[in-house]
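# Working through the structure, step by step
Here's the letter readout for the chains.
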Amino acid sequence: MSGPYWPYSISVRPNPGGFGAQVEGVDLSKPLAPEALAAVRGAWAEHAVIWFPDQPLTHDELEAFTMQIGPFGEDPYVEPIEGRPHILEVRREAEEIATPFGAAWHSDWSFQERPPSATLLHAKVVPPRGGDTLFADGCRAYETLSPLLQHMLAPMRAIHSASRVYGPDGVYARDGDARAMRLRIDPAADGRCAHPLVRTHPVTGRKALFVNPVYTVGIEDMSVAEAESLLKFLFKHMTEDVFVYRHRWRPDTLLMWDNRCVMHNATGGYDGFQRLMHRTTVAGQTPV
Ligand code: SIN
């Protein structure tokens, strides 16, 4: 899907290979007409990561656009903006030395029974260098595995947990560095939830690898050593350059990704400069 949609002026410019696309010709500060919303949804399903440049949105407008995609997801462990329970501030101040939030490959809240279908990130303050976000295409990663390995993975269920990040022994409890973001350490983060290791996208029907290095802690009915070896192989494969899109931010860009088939990773490289993004999520379904 690309080019202008007459009589709407929406244009979708995919990256070579089709993973990621820039969408222009819509004003996200206003409710979208049904046809325009359908075009946005279509581009999101087809390209998995879509971004809209030059969208200076207020909190109300960001919330309203998110709700056109679907109802809000549940965002644990990160304190939202005061009075805005569904908007998280991904903030790092110029003087901070802590690792940037989200700086490892992950899929949002994959330890939930119903992880979010979409995450939206709105760039408010962008540093002059660094601070890119990387996205990895879980569908292409799956599709390029050998049929034999695809067959072996089909019945497997991966175990997800927030323990390594938000548990009492997790990285944020241990690192001790001052952060502008208010993160919540919680024993509940040690809970576990199993999902199919390969999930089927409810719109496109494509299969995707649904594991990530931050929240996937094992595979059901496998020894720790077996699961670690297999996951290590999959993570290396999933993050090969050929599956990765690097997004360079500009202020007022709104980007949304399909959290059902995409991992992401926030990069650093902007010490001495502030970076500020606003983030919402859209509720998802139980992965199948
Ligand atoms: C996140 O993991 O949601 C943060 C992504 C980013 O700040 O680039």
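Attention here is on the structure that accompanies the text. In this text, all values refer to a predicted model and were calculated from it rather than measured experimentally. (Residues numbered from 1 in each chain as written. Predicted model: local features only at pLDDT ≥ 70, side-chain atom pairs only at ≥ 80, totals over all residues. Heavy atoms only, no water.)

## Some remarks on the environment of A38
Within the secondary structure layout, A38 lies in helix 1 (residues 34–47). Linking A38 and D177, residues 139 residues apart in sequence, is a C-alpha distance of 44 Å. (Helix = DSSP H or I, 4+ residues; strand = E, 2+ residues; numbered from the N terminus.)

## Remarks on the site of the ligand
Around the ligand, the structure places V90, F101, G102, H106, L121, T133, H264, A266, R275 and R279. Here an oxygen atom of the ligand and a side-chain polar atom of H106 are 3.1 Å apart. One of the side-chain nitrogen or oxygen atoms of T133 is found 2.5 Å away from an oxygen atom of the ligand. Protein contact buries 100% of the 260 Å² of open area that the ligand shows by itself. Sorting the residues of the shell around the ligand by element identifies strand 16 (262–266) and strand 17 (275–282) as the ones contributing at least two each. Here the shell around the ligand is built from residues that sort into four nonpolar, four polar and two charged. (Near = heavy atom within 4 Å. Polar contact = N/O pair within 3.5 Å; in protein donor to acceptor, adjacent residues only side chain to side chain. Areas by Shrake-Rupley, 256 points an atom, 1.4 Å probe, with all protein chains shown as cover. Nonpolar A, V, L, I, M, F, W, Y, C, P; charged D, E, K, R; others polar.)

## Some thoughts on the nonpolar core
Core analysis: the biggest nonpolar cluster contains 32 residues, and V49, V78, F101, F135, Y166, Y215 and V262 have the highest contact counts within it. Looking at this core, the elements with two or more residues in it are strand 4 (49–52), strand 6 (84–92), strand 7 (118–125), helix 5 (163–166) and strand 15 (254–258). Residue contacts for V49: discarding those within four places in its chain leaves F19, G20, A21, F135, L255, M256, W257 and V262. Within the second largest apolar cluster, 26 residues are counted, among which are L28, L57, F65 and I81. (Core = buried A, V, L, I, M, F, W, Y, C linked by side-chain atoms within 4.5 Å. Buried < 20%, exposed > 50% of the residue type's maximum accessible area, 1.4 Å probe, protein only. Contact = heavy atoms within 4.5 Å.)

## Description of the pattern of salt bridges
Per the stated rule, a full pass over the model turns up 18 salt bridges. Across the salt bridge formed by D75 and R279, the nearest N and O atoms sit 4.0 Å from each other. On the criterion of sequence distance, the pair formed by D75 in the loop between helix 2 (59–69) and strand 5 (80–81) and R279 in strand 17 is long-range, its members being 204 residues apart. Across the pair D258 and R260 runs a salt bridge whose closest N-O atoms are separated by 2.9 Å. Residue D258 is classed as buried on the basis of its relative accessible area of 0%. (Salt bridge = Lys/Arg side-chain N within 4 Å of Asp/Glu carboxyl O.)

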